[in-house]
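Here is what each chain is made of, one letter per residue.
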Amino acid sequence: YLEPSQAKALDFLMQLRGQRLVSDVVIVAIDDKAFESFGQRQPIPRDYLARVLRGLRRSGAAVVGLDIAFTAPTAAAEDGALVRAVADFGEGGARRVVLTAVLPSSGPLAEPAFGDLVAHGDPRVAQDSDGVVRQAALLLPKDGSGHVPAFALVIAARLQGIEPDRLVAALGGARP
């Protein structure tokens, strides 16, 4: 009965607090404007994403979340450029790039060595009836059995040096 009032009160408190940005974390997502600048071309050029990662590394980002679909391979040179940029970003073997999407089944992004360079988080979030996200699950159900950590949680964990599979175990979910 009081849920609508509670939601409005929470929204008001969040507005009063103001926006707080963490400069160590960067989320890369393609919005409509950016998608149009690529001529609505899919997949997004991987060499472009490699340049973005290199720039973020130079600017001091500690962790980058890529909320971009990598479902199809592109030219091996473009995919290879992205693999090298991710490897350079994760100096010393630290997984500092977090992906939301499943990787293609062939090409450099499908190689197990690339999978070892990145962490994965599930991008699903539940919206309230008014379209606002006020709550987020830390673990989300995985196909079949078990759980996977949420994208935002994996990013926060990577900022602290915690591996995603340790998150699942620590939060009481079955290992993925």
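Residues numbered from 1 in each chain as written. Predicted model: local features only at pLDDT ≥ 70, side-chain atom pairs only at ≥ 80, totals over all residues. Heavy atoms only, no water.

Peer 1: What's the story with the overall build of the protein chain in this structure? I'm lost.
Peer 2: Of the regular secondary structure elements, the protein chain holds seven helices and six strands. The helix and strand sequence of the protein chain, counted from the amino end, reads α-β-α-α-β-α-β-α-β-β-β-α-α. Projected onto the principal axes, the alpha-carbon positions of the protein chain cover approximately 55 × 40 × 30 Å. Carbon and sulfur atoms make up 54% of the accessible area of the protein chain, which amounts to about 10800 Å² in all. (Helix = DSSP H or I, 4+ residues; strand = E, 2+ residues; numbered from the N terminus. Areas by Shrake-Rupley, 256 points an atom, 1.4 Å probe, with all protein chains shown as cover.)

Peer 1: Could you clarify how one ought to interpret the nonpolar core in this entry?
Peer 2: One broad rule of soluble globular proteins: the nonpolar side chains tend to lie buried together. Leu53, Val64, Leu66, Phe70, Val97, Leu99 and Phe114 are the most contacted members of the largest nonpolar core, which has 24 residues in total. Counting only elements with at least two residues in this core, the list comes to helix H3 (46–58), strand E2 (63–67), helix H4 (76–89) and strand E3 (97–99). At six residues, the largest contribution of residues to this core is made by H4. Residues in contact with Val97, not counting those within four places in the same chain, are Leu53, Val64, Leu66, Val86, Phe89, Leu117, Val118 and Ala119. Core analysis: the next-biggest nonpolar cluster, separate from the first, contains 12 residues, Ala119, Ala150, Phe151 and Val154 among them. (Core = buried A, V, L, I, M, F, W, Y, C linked by side-chain atoms within 4.5 Å. Buried < 20%, exposed > 50% of the residue type's maximum accessible area, 1.4 Å probe, protein only. Contact = heavy atoms within 4.5 Å.)

Peer 1: What should I look at first to understand the pairing of E2 in this one?
Peer 2: Looking along a regular strand, one sees side chains alternate from face to face of the sheet. Within E2, four of the five residues are buried, which leaves it mostly tucked inside the rest of the structure. In this sheet, E2 lies alongside strand E1 (residues 25–29) in parallel orientation, the contact comprising five bridges. Looking at E2, one finds that Val28 is bridged to Leu66. (Pairing = 2+ DSSP bridges.)

Peer 1: Explanation requested: the environment of Leu153 in the structure shown.
Peer 2: Note that Leu153 resides in helix H6 (residues 151–159). Each C-alpha atom of the pair Leu153 and Leu167 lies 8.5 Å from the other, and the pair is 14 residues apart in sequence. When neighbours within four sequence positions are excluded, Leu153 is seen to be in contact with Leu138, Leu167 and Leu171.

Peer 1: What am I meant to see in the environment of Val148 here?
Peer 2: Take Val148: it is sitting in strand E6 (residues 147–149). Sequence-distant contacts of Val148, that is, excluding residues within four places in its chain, are made with Asp122, Arg124, Leu138, Leu139, Leu140, Lys142 and Val168.

Peer 1: Which parts of the structure should I look at to understand the sheet that holds E3?
Peer 2: Hydrogen bonding along the main chain pairs the strands of a sheet, whether they run parallel or antiparallel. Taken together, the four strands give an open sheet; going across it, the order is E1-E2-E3-E4, and neighbouring strands pair in parallel fashion. Edge positions in the sheet fall to E1 and strand E4 (118–120), since each has one partner strand and no second. Sheet twist, expressed as the mean angle between neighbouring strand axes with direction ignored, is 25°. Strand direction decides the pairing type here: E3 and E4, joined by three bridges, are parallel. Bridging from a neighbouring strand, Leu99 pairs with His120 of E4. Against the sheet, H6 makes contact with E1, E2, E3 and E4, and its axis sits at roughly 160° relative to E2, the strand it touches most. (Axes fitted to C-alpha atoms, helices over the stretch in contact; angles between N-to-C directions.)

Peer 1: Sorry if this is basic, but what is going on with the environment of Gln160 here?
Peer 2: Within the secondary structure, Gln160 is located in the loop between H6 and helix H7 (164–170). Between the C-alpha atoms of Gln160 and Thr74, which are 86 residues apart in sequence, the distance is 33 Å.

Peer 1: Could you clarify how one ought to interpret the pattern of salt bridges in this entry?
Peer 2: Oppositely charged side chains are able to pair whenever their charged atoms sit close together. What the rule picks out here adds up to five salt bridges. The salt bridge involving Asp79 is made with Arg46; its shortest N-O contact spans 2.8 Å. Placement of the pair is Asp79 in helix H4 and Arg46 in helix H3, with a sequence separation of 33 residues. For the residue pair Asp79 and Arg46, the accessibility class agrees, reading buried in each case. (Salt bridge = Lys/Arg side-chain N within 4 Å of Asp/Glu carboxyl O.)

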